[in-house]
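Below are the chains, spelled out letter by letter.
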Amino acid sequence: MSRVCELTGKGRQVGHNVSHANNKTKRTFLPNLQNVTLISDALGQSVKLRVSTHGLRSVEHVGGLDNWLLKTSDDKLSPKVRKLKREIAKKSAEAAAA
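These notes cover the structure that comes with them. (Residues numbered from 1 in each chain as written. Predicted model: local features only at pLDDT ≥ 70, side-chain atom pairs only at ≥ 80, totals over all residues. Heavy atoms only, no water.)

Quick look at the nonpolar core
One broad trend across soluble globular proteins is that nonpolar side chains are buried collectively.
Next up, step 1: Ranked by internal contacts, the top residues of the largest apolar core, which has 16 residues, are L7, L49 and L69.
Next up, step 2: For this core, the secondary-structure elements that each account for two or more residues are β3 (33-40), β4 (45-52), α2 (65-71) and α3 (79-97).
Next up, step 3: Beyond its immediate chain neighbours, meaning those up to four positions away, L49 contacts E6, L7, Q34, N35, V36, L38, K80 and V81. (Core = buried A, V, L, I, M, F, W, Y, C linked by side-chain atoms within 4.5 Å. Buried < 20%, exposed > 50% of the residue type's maximum accessible area, 1.4 Å probe, protein only. Helix = DSSP H or I, 4+ residues; strand = E, 2+ residues; numbered from the N terminus. Contact = heavy atoms within 4.5 Å.)

Considering the packing of aromatic side chains
Next up, step 1: For the structure shown, the criterion picks out zero aromatic pairs.
Next up, step 2: Directly above the ring of F29 sits R27, whose terminal nitrogen or CZ lies 3.9 Å from the centroid. (Phe/Tyr/Trp six-rings, centres within 6.5 Å; stacked < 30°, edge-to-face > 60°. Lys NZ or Arg CZ within 6 Å of the ring centre and 35° of its normal.)

With respect to the pattern of salt bridges
Next up, step 1: By the definition in use, this model includes one salt bridge.
Next up, step 2: In this structure, the salt-bridge partner of D74 is K85, at a minimum N-O distance of 3.1 Å. A residue pair is termed long-range when its members are at least 10 positions apart, and D74 in the loop between α2 and α3 and K85 in helix α3 qualify at 11 residues. (Salt bridge = Lys/Arg side-chain N within 4 Å of Asp/Glu carboxyl O.)

Concerning the environment of T72
Next up, step 1: Mapped onto the fold, T72 is located in the loop between α2 and α3.
Next up, step 2: Along the sequence, T72 and A98 sit 26 residues apart, while their C-alpha atoms lie 25 Å from each other.
Next up, step 3: Once residues lying within four places of it in the same chain are set aside, the contact partners of T72 are L77 and K85.
Next up, step 4: At 2.6 Å, the side chain of T72 and the backbone oxygen of W68 are in polar contact. (Polar contact = N/O pair within 3.5 Å; in protein donor to acceptor, adjacent residues only side chain to side chain.)

Written out as structure tokens, the structure is:
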């Protein structure tokens, strides 16, 4: 399983461990990913996602999963979340028309 946030696209970064003698060895910095269940208000269902804690805080700050997805561009999102975004946009358009 790749270590990439499904909402923000945040992935691993590469850097160095630096010793006291200034020797540099490669290392990776991994995002803090959590398996969470987020609730979509528009669809009325829950969705299991693998999200970084930074992404989770952002979703809470914006006011929920639906608001986050409608404001975020598609290039950062995983294919699973892009499909979810299309379904939410479709439901909100139906609700606005009614």
